[in-house]
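Residue-level structure breakdown
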Amino acid sequence: MKQVAFVLFALMGMSMMSCEPESKSARPPIYFGFQYEVKHLGGNAGDSLFVTAVQFKKGAYLNSTNYTFTLPIRVIRDGNVVDTTLTHVQHTNYDGTFNGNPVGKFHIPVTADAGVYNCKFSARFSNSADGEVGVTYQSMGGDTFLGTIRSTSYTLYSTADGSFNLRLPLEQ
């Protein structure tokens, strides 16, 4: 009987000493920043641009998610410079379907005007558990990452917003 009691107390002690309990609060992903890849299509087709918001740490307790990438550029049309906005929207269920790095896909027309443009990213997450109200996480950055992304947790939802500057014509 003493041996059984000793084993039970030892097991209880080990379970209490193991790692700290995991937080059950919703939290948005924390990001490194942005990376992009260019695929030159050649001719009059323009270029394909793939912008990735790279996660440092995955989010937790997140459901319905909307990612939006926007890139306002100028194009030359009939000899005139015209402002236009390229947009890529993706909808997913973060914890259920896809929690990988979101990628914005753009087709840059051959007639895009040379210059520096600000590519923007936003994410809206529906929390499946209460989030820590007003907790903000800043992107981690690094030599291979561009721009910044700030994630914020609220009670019912979480957000992430960021941007980086991109020079056209594209080089990589």
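Residues numbered from 1 in each chain as written. Predicted model: local features only at pLDDT ≥ 70, side-chain atom pairs only at ≥ 80, totals over all residues. Heavy atoms only, no water.

Brief notes about the overall build of the protein
Across its full length, the protein holds 1 helix and 9 strands. The N-to-C order of helical and strand elements in the protein reads α-β-β-β-β-β-β-β-β-β. For the protein, the residues scored as buried account for 35% of the 172 residues in total. Long-range contacts, defined as pairs at least 24 residues apart, comprise 71% of the intrachain contacts of the protein with a sequence gap of at least 6. If you sum the accessible surface of the protein, you get close to 10200 Å²; carbon and sulfur atoms cover 56% of it. (Helix = DSSP H or I, 4+ residues; strand = E, 2+ residues; numbered from the N terminus. Buried < 20%, exposed > 50% of the residue type's maximum accessible area, 1.4 Å probe, protein only. Contact = heavy atoms within 4.5 Å. Areas by Shrake-Rupley, 256 points an atom, 1.4 Å probe, with all protein chains shown as cover.)

Concerning the packing of aromatic side chains
Counted by the stated rule, this structure contains 11 aromatic pairs. Aromatic pair Phe32 and Phe145: ring centres 4.7 Å apart, planes at 5°, arrangement stacked. A residue pair is termed long-range when its members are at least 10 positions apart, and Phe32 in strand E1 (residues 30–40) and Phe145 in the loop between strand E7 (135–138) and strand E8 (148–153) qualify at 113 residues. Classification of Phe32 as partly exposed rests on a relative accessible area of 23%. Ring pairing ties together the aromatic residues Tyr31, Phe34, Tyr36, Tyr67, Phe69, Tyr94, Phe121, Phe125 and Phe164, which thus form one cluster. (Phe/Tyr/Trp six-rings, centres within 6.5 Å; stacked < 30°, edge-to-face > 60°.)

Overview of the pattern of salt bridges
All told, the structure shown has 2 salt bridges when counted by the stated rule. Across the salt bridge formed by Asp113 and Arg74, the nearest N and O atoms sit 3.4 Å from each other. Taken as a pair, Asp113 in the loop between strand E5 (103–108) and strand E6 (115–127) and Arg74 in strand E3 (residues 62–77) lie far apart in primary sequence, 39 residues in all. Note that Asp161 is salt-bridged to Arg124, the shortest N-O span being 3.2 Å. Here Arg124 lies in strand E6 and Asp161 lies in strand E9 (residues 157–168), a separation of 37 residues in the sequence. Owing to a relative accessible area of 37%, Arg124 belongs among the partly exposed residues under this scheme. (Salt bridge = Lys/Arg side-chain N within 4 Å of Asp/Glu carboxyl O.)

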